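# A look at the structure
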Amino acid sequence: MKGSLLRGFFIRFRKMLIAMFLIVVFCSGVVVGFFNTQASLNYTVNRYISDFNVPDAVISTNITESNAEETLLAIPGIAGVESRLTGMVQFYASSGRLLTAYVATLDQEAVQKLYSWVQLDTPTDDYVLIDQYFAQQNHISIGDEILVTSEEEQRPFLVAAIISAPETLFGNKIDGLSRNYSDIGFMYAPVSILARETEKEFSRMMAEWEERHQEFLQVKQEADDAWAQGEQELAGAQQELESRQAEFEQAQQELRGQIRTLTDARVQLMLGRMELDEAGDVAAEHKTKLEEALAKSYGQMLELEDRQADTEEIRNSLNSLLVRLEDARGRLTAARNRLTQSAGTLRVTLTALQEAKSVWDGIHDFSGETYLPEIVQNQADMTVSEIEDKLKDRGITPESLDEAISEVNFGTAQLKQGQQRIQDGIGQISQVYLPEVRAGLEEAEQGLELIALTRESLKTGIATMEDALQSIADFEAQEPENRKILEEKLQEVEDGLNAIYAGLSEGETALAEGREQLDSKKEEALKARQESEAALSEGEESLNEALEELNAWEGYTPLRNEFRITFEPDVADRQAVLDAAAAALGDVVTDSELYENSQLFRKFRDILSPWDTMTVFIPLVILVLVMMVIFLFSSMIVRQSRREIGVLRALGFSLRQVRGLFCMASFLMMIPALAAGIALSMPIKSIVDNAWMNAYHLPFHQSFFDVGKAVLASLGMVVASQAAILLSTIPVSRIQPVEIISRQANIRRPVSEKWTRILRRTKPMLKMSLLSLMRNRLQFFASAVCVTASVAILFFSMSFIVSKDDIIEEMFVRRIHYDCQVYFSAKPTPEQEEGIRTQSWIAQVDSVRTYSAEAVSGHDSVPVTVMALKEEASLLSVPDEHGRIMDLPHEGIVLAIDDARKLGVQKGDTVTIAGVSLTVAGISRQSGNVYSYCSLTQAEALGEPDQYMWLVRLNGDNDQELIGWLKDSENYIMTVITQILSDGINELHAPYDLIGWLIAGFAVVLGLFIIVNTNQTNLQNHKKELSILRAIGFQRREISLHWFSHAVLYFLISLALGLPLGYELSVITLKKVGAASHQFFYVSSPYQYVMTIGILFLFLLLAHLLSMHSLKKWNLVESVRDKE
Amino acid sequence: MGGRAAIRENRIALSARNLVKAYGSDQNRTVALNDVSLDIRTGELLVILGSSGSGKSTLLNMLGGMDQPDSGSVYLGGVAVSGMSDRELTRYRRDHVGFVFQNFNLIAELTALENISLTADTRNDPDIAEHMLELVGLSEKRNNYPAQLSGGQQQRVSIARALAKNPALLLCDEPTGALDSETGRQILIQLEDLVRSWGKTVVIVTHTKEMSRMADRIVVLRNGSIIRDEMNGQVIPAREIEW
């Protein structure tokens, strides 16, 4: 069932499937071709570098010793060294032209390796392998005989091979050579070609040998003399040692007596020390006891003093009490007396009062002393009533008088009592207290006396103990000193003994050392002699060997003057290692060079880089394109199969089964397509390979087919196609069986209101086109994308073809273009300057000067070579930091980036060169042997140039005329043909041309295919309506116009999208490519746009014509009846 | 307009002579028309009856210039249609033939009015499209798209389109085939009204007998041959038909 379904499917959609098949074949061919070219290129480049033994650096010397290799291998960072002989020869080509070649000699093994790159017969012994470019320039072919000239003879050599030598590809100079020479080239040859030079070298080496031999004999004699002298010295030393031994033994004997004396003294002193120790112990014991007793006595003394103080205090108290008692008695006595007086007073008072009273009782004439107031006293003049009045005025009444009398009586009684008491007190004091106090005083006095006696006793005892302690203290004070004296004496004795022993020991040691030294010297002397004899023997052997080699020197194989170095992978600063290696070899070094500094070397390595980019980028683009195309076709097939799908679904086929059918069909188509594509990739690969190899002058490519990548590309295609198929079958799920198999009129889904409103006033035919586009948006989008991609790729391909030419045009036509560089050893004479410009074959001559100077900035300096050019010169092959070719600045200097870094300067800074301050006007990224650049005007201040040069543009291929004109000039050195620079760049970019054409071809084929099929598909989709129009009377012409406008819409949209996309693709890719060459930059040409649009319009017309041709074939009846 | 008067006048509008049409290759050859000859009078409403595969549609397509016979000829006003070039045939279809299709075949992206305007003959009446739309009773649907019209409405627009060019001949290929019976009946009534009033020569192909009641003449096809030709109720044997 499935088989028949598939068969039906293939039959029905055979045209579309064939178209898909062809696309897949073509695309897979291109992709696999790209992949394999990359693999082949990688393989070839690496194989070339290996077989041709491309080193990391080369040191050229004028030496021939092979042990220079060992010297170089000893330098850290150097992994390997190979050496060979090189030199220059002149020869006549078969054309009669005299040419010069730099020769690198090879052994048979190396030659065989190179021969694997070319298919040749086994060479004779006298053969050369000439560099391809040199041979091409001078019309030298394989099988030619060249005559190598030396001083008096010419020797024939056969040109056995023409190869692409890395020395000319990679080396910036080979003894001052470059690829730019036409009459100076490079070749490989056997050593015998340099016979004359090697003979000279042989003589020199013989002379060197003789010199070494003489030196050897001299050294040998010196060695013998030195040994004899040494033996004498040793004998002398032996004698001296023995005499010292005898002296020592005598001294030893004398010292033994001293030892005995000192030993006795030591014993005595040690005994004295023991006694001193014992006395110390006893004194300490006594001291302890005395101190205890003394402490006790002090305690007692203190107690006594306290008691004495207390007793004295008691005594004093008693004395004081006695005094107070007597005093009290006295006061009491006085008080008694006062009381007595008072009593008398009271009596008087009483009398007065009684008198006063009597006054009241009657008046009395009294005189004397009374208590009455003076009024009474002055009674003589007064009456009694007057006296009574006055007494009343004074408060003196009978009542008051009575009261006063009573009080006086009371007072008198009291007084008497007081008197009695005082008397009693006085009695007690006198009889009791005073006697007791006195008794106490007496006891106190007695106690004080006793205390005084006791204290005296104690004082005496204390004094005695203190004396004893003092004695002990004195003893103790004295003891350290005594001990010290004793110890000192003991130490003296010890020291004395030690000194004697030490002296004896030293003497023995010295003697032993002397013996050892003597033995050691003897051994050393013996060893030195042996070594010397061995070295002499070796030297003699080496000389004999060298002599043997020299005598056996037929092939001159020991000669080496070029050392090809391979660095360790992890070396950071290769230049430093190279410098160290050159320094290690010394003055014999004539040149040293890092190959990697060569721009060409980098380009050679870097051809893989842009290729790698393109090998990822372009296949990816192609893959996407294939995916889109397959999606497009598949969508068409699905659309046209709607009915069948509906039927299958109605019959019970699941969605997966339906999709699987499509995927299976695609897969069955893909497999043979991929196989055919892989087969197609071979010639594509071959074409591209050859282009690359020719561009880089590789002899031929080692064909390499990367099966893995082919499988990967194929898998990618299959995956992409299956993905596209699956995507295109998404609408299958929306197909309802009943809708499809129903005979109801299929009404298209309505157009959106928005668009019908917008296009309301549009002409019906145009409106029909636009609305049908809206209806089939997905298909339109897919078609537009495919066409857009075609536009983009076509535009992109034009970039490779068109822009590259514009760049070269820009580099070599807009800028000054020179054919030759002429080198002078001295300034060209005015006659030369004038004469050259009058030659008919000269178009232009410009002068150049080079100066060697020191560039200084701050404390840093670096040697630079300045090239001075005329003002408007352009600096070819000198890129700035952006990779663009630089123009010569009017002022200032352009420094190389390495020099700028060493000086620590940037653009705008100032450097001093030959005493002249110059602004750094630019920094170039030129590598290798780089120049600094400035204008001739600026350079005038730099003094006398080192070299003079002309840049010459010729009117035609007249370089030989130029050389002929200059040949006999004394100051002429050589001419370098530079026109090949542009040729070289052209060749370098030939592969890009090829790629561009390939991509263009691919874009044209694909674009044409896509546009035609898109048109056809759209036509099919509009078959019914176009048929209706035909049926109702529209002519084919009218429909053609309508349909063309439909197609133009696609075209315009695709252009609008595709041109910017193509532009971006171009910029991105060419930048990547240009990054490797440092000279590429994107130039967008109007021609590019014209070509792209023109080609696409042609496609459109072609597609339209094909569509209209199809239209003619429609069966109107069937088309009108066709269900949508 | 001519109408039945023209028929009475017996003027031949279109005639077919010895039409033969076959499809397929030798082993699978199918003869759709087998030496069919037919005259159609001006103003006549001819119904061609036949079962599916009888050749009726093929005959109609020959008459309408949509297809060319393997042998035989079609004449319009004495001019042979069969030998015309594609351009002449297209002009013939545009100027002289109005087609009404079973599936309407309107342009989906154009409104009803625009569909009618496509080939309208505006020489005598610039607004003929409007008028035709009015005639079929769909003036209010002038700005509707076919998807917005019912089947009957679409067929009416199709009829209006066919008549808008004022053709000499109106060919209808199963005009009610895609409609339900009631709608179909209404369409037929309207169609009859229009063509009778305009006096058009009409050929209608159908496989249903209901349409025959409106016909002036009925031709029955079977296996590519006319087996019965009936006019005004009288059967005209094929062999008696004078050419």
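Each value, and the rule that gives it
Residues numbered from 1 in each chain as written. Chains lettered and ligands numbered in written order. Predicted model: local features only at pLDDT ≥ 70, side-chain atom pairs only at ≥ 80, totals over all residues. Heavy atoms only, no water. Helix = DSSP H or I, 4+ residues; strand = E, 2+ residues; numbered from the N terminus. Buried < 20%, exposed > 50% of the residue type's maximum accessible area, 1.4 Å probe, protein only. Contact = heavy atoms within 4.5 Å. Areas by Shrake-Rupley, 256 points an atom, 1.4 Å probe, with all protein chains shown as cover. Buried area = accessible area lost by both parts, 1.4 Å probe. Salt bridge = Lys/Arg side-chain N within 4 Å of Asp/Glu carboxyl O. pLDDT = per-residue confidence, 0-100. Phe/Tyr/Trp six-rings, centres within 6.5 Å; stacked < 30°, edge-to-face > 60°. Lys NZ or Arg CZ within 6 Å of the ring centre and 35° of its normal. Core = buried A, V, L, I, M, F, W, Y, C linked by side-chain atoms within 4.5 Å. Polar contact = N/O pair within 3.5 Å; in protein donor to acceptor, adjacent residues only side chain to side chain.

## A short note on the overall build of chain B
In terms of regular secondary structure, chain B is built from seven helices and eleven strands. Counting only residues that meet the buried cut, chain B has 57% of its 243 residues in that class. For chain B, long-range pairs separated by at least 24 residues make up 71% of all intrachain contacts whose partners lie at least 6 apart in sequence. Summed over all atoms, the accessible surface of chain B reaches about 10400 Å², with 43% contributed by carbon and sulfur.

## Quick look at the interface of chain A and chain B
Counting residues at the interface gives 30 residues for chain A and 29 residues for chain B. Carbon and sulfur atoms make up 55% of the area that chain A and chain B hide from each other, which totals about 2700 Å². Sorting the residues of chain A by area buried against chain B places A:Ile1032, A:Gln1035 and A:Val1117 first, and these three jointly supply 20% of that buried surface. Linking chain A to chain B there are three salt bridges. One salt bridge connects A:Arg1036 with B:Asp86, and the closest N-O pair in it is separated by 2.9 Å.

## So, the pattern of salt bridges
All names here are of chain B. Inspection of the entire model under this criterion finds 30 salt bridges over all chains. Residues Arg142 and Glu130 are paired through a salt bridge, measuring 2.0 Å at the closest nitrogen-oxygen approach. One end of the pair, Arg142, is in the loop between helix H5 (128-135) and helix H6 (151-164); the other, Glu130, is in helix H5, with twelve residues separating them in the sequence. Residues participating in the shared-partner salt-bridge network are Arg41, Glu44, Arg217 and Asp229.

## A word on the confidence of the model for chain A
Chain-level pLDDT for chain A is 78 on average; 80% of the residues reach the 70-or-more range. pLDDT under 50 marks residues 811-816 of chain A. Its contacts with residues more than four places away, or in other chains, come to 22 contacts.

## Focus on the packing of aromatic side chains
According to the stated counting rule, one finds eight aromatic pairs over all chains in the structure shown. Each ring, one from A:Phe1051 and one from A:Phe1097, has its centre 6.0 Å from the other, and the planes form 65 degrees; the classification is edge-to-face. One end of the pair, A:Phe1051, is in helix H28 (residues 1036-1077); the other, A:Phe1097, is in helix H29 (residues 1086-1113), and 46 residues separate them in sequence. Residue class for A:Phe1051 comes out buried when judged on its relative accessible area of 8%. A network of ring pairs unites the aromatic residues A:Tyr102, A:Phe186 and A:Tyr188 as a single cluster. Between B:Arg94 and the ring centre of A:Phe1034, over which it is positioned, the NZ or CZ distance is 5.2 Å.

## Points about the nonpolar core
In this structure, A:Ile622 and A:Phe633 are the most contacted members of the largest nonpolar core, which totals 83 residues. Leave out the neighbours within four places in its chain, and A:Ile622 touches A:Cys27, A:Val30, A:Val31, A:Met717 and A:Phe1002. Counting residues in each nonpolar core, the second largest holds 39 residues, with B:Ala120, B:Leu149, B:Leu188 and B:Val220 among its members.

## Details of the side chain of A:Gln844
Residues and elements named next belong to chain A. If you trace the backbone, Gln844 turns up in strand S12 (residues 842-857). By relative accessible area, which is 18% here, Gln844 ends up buried. Among the polar contacts made by the side chain of Gln844, one reaches the side chain of Arg953 at a distance of 2.6 Å.

## Some thoughts on unusual backbone geometry
Residues and elements named next belong to chain B. The backbone phi angle of Asn105 is positive, close to 55 degrees, even though this residue is not glycine. Taking the relative accessible area as the measure of exposure, Asn105 reaches 3% and is therefore buried. Positive phi is not limited to glycine here, since Asn166 has a value of about 50 degrees. Within the secondary structure, Asn166 is located in the loop between H6 and strand S7 (169-173).

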